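Examination of the molecular architecture
What follows is each chain in one-letter form.
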Amino acid sequence: MPESAANIARNEKLRQRLQFYEDLGLAPFYRDRSSSSSQSVQPHWPASLSDSASQIMKESPLPKSAPMTPATTSRSVAPLGSSGPLLFDAANKLSTETLLQIRDDLGECTRCKLHGTRHTIVFGDGNPKAQLIFVGEGPGADEDAQGLPFVGRAGKLLTQMIEAMGLNRRDVYICNVVKCRPPGNRQPEPDEVAACSPFLFRQLDSIKPKVIVCLGATAFQTLLQTNRSISHYRGQWLDYRGFKMLPTYHPAYLLRNPAAKADVWKDLQKVMAELGLEVKKKAK
Ligand code: SF4
């Protein structure tokens, strides 16, 4: 009997997921989950949201009465220039704005030249009370067409990463520095980042996450107000106005450089530990 289309699609999805774990060097985990020979840190199998993950995402965000002081917060970062303080001033730590109010304020935005080539504003997607936010650079063609962040090839990889953490996309919040697609997927220009990033800051202040993961250099440089390379800071805890922030590689970079997936997985394990998610370590 010929295989049904649903079965073929399911098998393909499973194949892609297994390939993702292969790329992370986690093949022994799903070949033999009871084996104690591996020293690698293993993800929770992401077939469904784990109890611990579900619980932590239901909890209210922690109060932010005192700034966090991770070990790396004393790092100095180069300022972007005169526009830097203005960008910071645009955000309000005590914000009680809702995401809906911020989206209403954005409206059919024409604040920068990206409005002329976009099809859809991609504001953000996910849990408005998420404890974990992923911030990318800007929408691509698929996102521009669908109005949702990270739905193309890089988005599928991000979804796999989220599921490998034992979470679901609906548990986290995902957005970008700029809300409109830069033509040809070029990097957003400084004036575009300056025009759009205050809405990102307001989104972060509204959600008040426990952890912000910056996907790629643009997100990292925008939040940290620096022009330094992400490679110096990738995988390190930094402070963004009292929020714990960790930069890692963008999924699009991982598509071009699969070997870097293992580094990203190490970074995500730090995030999992910070959020109290299950990080399984094999016995020595
Ligand atoms: S990128 Fe941001 S600031 Fe520029 S037009 Fe789009 S929504 Fe407005």
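Here is what the cut-offs are and how they apply
Residues numbered from 1 in each chain as written. Predicted model: local features only at pLDDT ≥ 70, side-chain atom pairs only at ≥ 80, totals over all residues. Heavy atoms only, no water. Helix = DSSP H or I, 4+ residues; strand = E, 2+ residues; numbered from the N terminus. Buried < 20%, exposed > 50% of the residue type's maximum accessible area, 1.4 Å probe, protein only. Contact = heavy atoms within 4.5 Å. Areas by Shrake-Rupley, 256 points an atom, 1.4 Å probe, with all protein chains shown as cover. Lys, Arg positive; Asp, Glu negative; His and termini not counted. Salt bridge = Lys/Arg side-chain N within 4 Å of Asp/Glu carboxyl O. Polar contact = N/O pair within 3.5 Å; in protein donor to acceptor, adjacent residues only side chain to side chain. Pairing = 2+ DSSP bridges. Axes fitted to C-alpha atoms, helices over the stretch in contact; angles between N-to-C directions. Near = heavy atom within 4 Å. Nonpolar A, V, L, I, M, F, W, Y, C, P; charged D, E, K, R; others polar. Core = buried A, V, L, I, M, F, W, Y, C linked by side-chain atoms within 4.5 Å.

Turning next to the overall build of the protein. For the protein, the count of helices and strands is eleven helices and eight strands. Buried positions account for 49% of the 284 residues belonging to the protein. Contacts spanning at least 24 positions in sequence make up 75% of the contacts within the protein whose residues lie at least 6 apart. Accessible surface computed for the protein: about 13600 Å², of which carbon and sulfur atoms make up 53%.

Within the element layout of this structure, Arg169 appears in the loop between α7 (153–164) and β4 (173–176). Nearest to the buried, unbridged Arg169 among oppositely charged side chains is Asp125, at 4.2 Å. A distance of 3.1 Å separates a polar atom in the side chain of Arg169 from a polar atom in the side chain of Thr159.

With that settled, the discussion passes to the sheet that holds strand β3 (residues 132–136). Two modes of strand pairing occur in sheets, parallel and antiparallel, and in both the strands are linked by backbone hydrogen bonds. With mixed pairing, the six strands of this open sheet are ordered in space as β2-β4-β3-β5-β7-β6. Each of the sheet's edge strands pairs with one partner strand only, and the pair in question is β2 (125–126) and β6 (238–240). The strands that helix α8 (residues 190–207) touches are β3, β4, β5 (211–215), β6 and β7 (243–248); relative to β4, the one it contacts most, it runs at about 165 degrees.

A few words on the environment of Gly136. Its location among the elements puts Gly136 in strand β3. In this structure Gly136 comes out as buried when scored by relative accessible area, which is 0%. Residues Gly136 and Phe150 lie 14 residues apart in sequence; the distance between their C-alpha atoms is 8.4 Å. Once residues within four sequence positions are removed from consideration, Gly136 is found in contact with Phe150, Cys175, Asn176, Val177, Leu215 and Ala219.

This part takes up the site of the ligand. All residues adjacent to the ligand are Leu106, Cys109, Arg111, Cys112, Leu114, His115, Arg118, Lys179, Cys180, Ala195 and Cys196. Tallied by class, residues from the shell around the ligand come to seven nonpolar, one polar and three charged.

Before going further, it helps to spend a moment on the pattern of salt bridges. One pass over the full model with this rule turns up twelve salt bridges. With a closest N to O distance of 3.9 Å, Glu189 and Arg186 form a salt bridge. Residue classification places Glu189 among the partly exposed residues on the basis of a relative accessible area of 31%. Owing to a relative accessible area of 26%, Arg186 belongs among the partly exposed residues under this scheme. Where salt bridges share partners, they join Lys113, Arg186, Glu189, Asp191 and Glu192 into one cluster.

What follows concerns the nonpolar core. Among the nonpolar cores identified, the biggest contains 35 residues, and Val135, Ile212, Leu223 and Met245 are the most heavily contacted of them. Where this core is concerned, the elements lending two or more residues are α5 (99–106), β3, β4, α8, β5, α9 (217–224), β6 and β7. Considering every element that reaches this core, the biggest residue donor is α8, with seven residues. In this structure, Ile162, Ala164, Val213 and Tyr249 belong to the second largest nonpolar core, which totals 27 residues.

Honestly, that's just the spatial picture; any functional story needs more than this.
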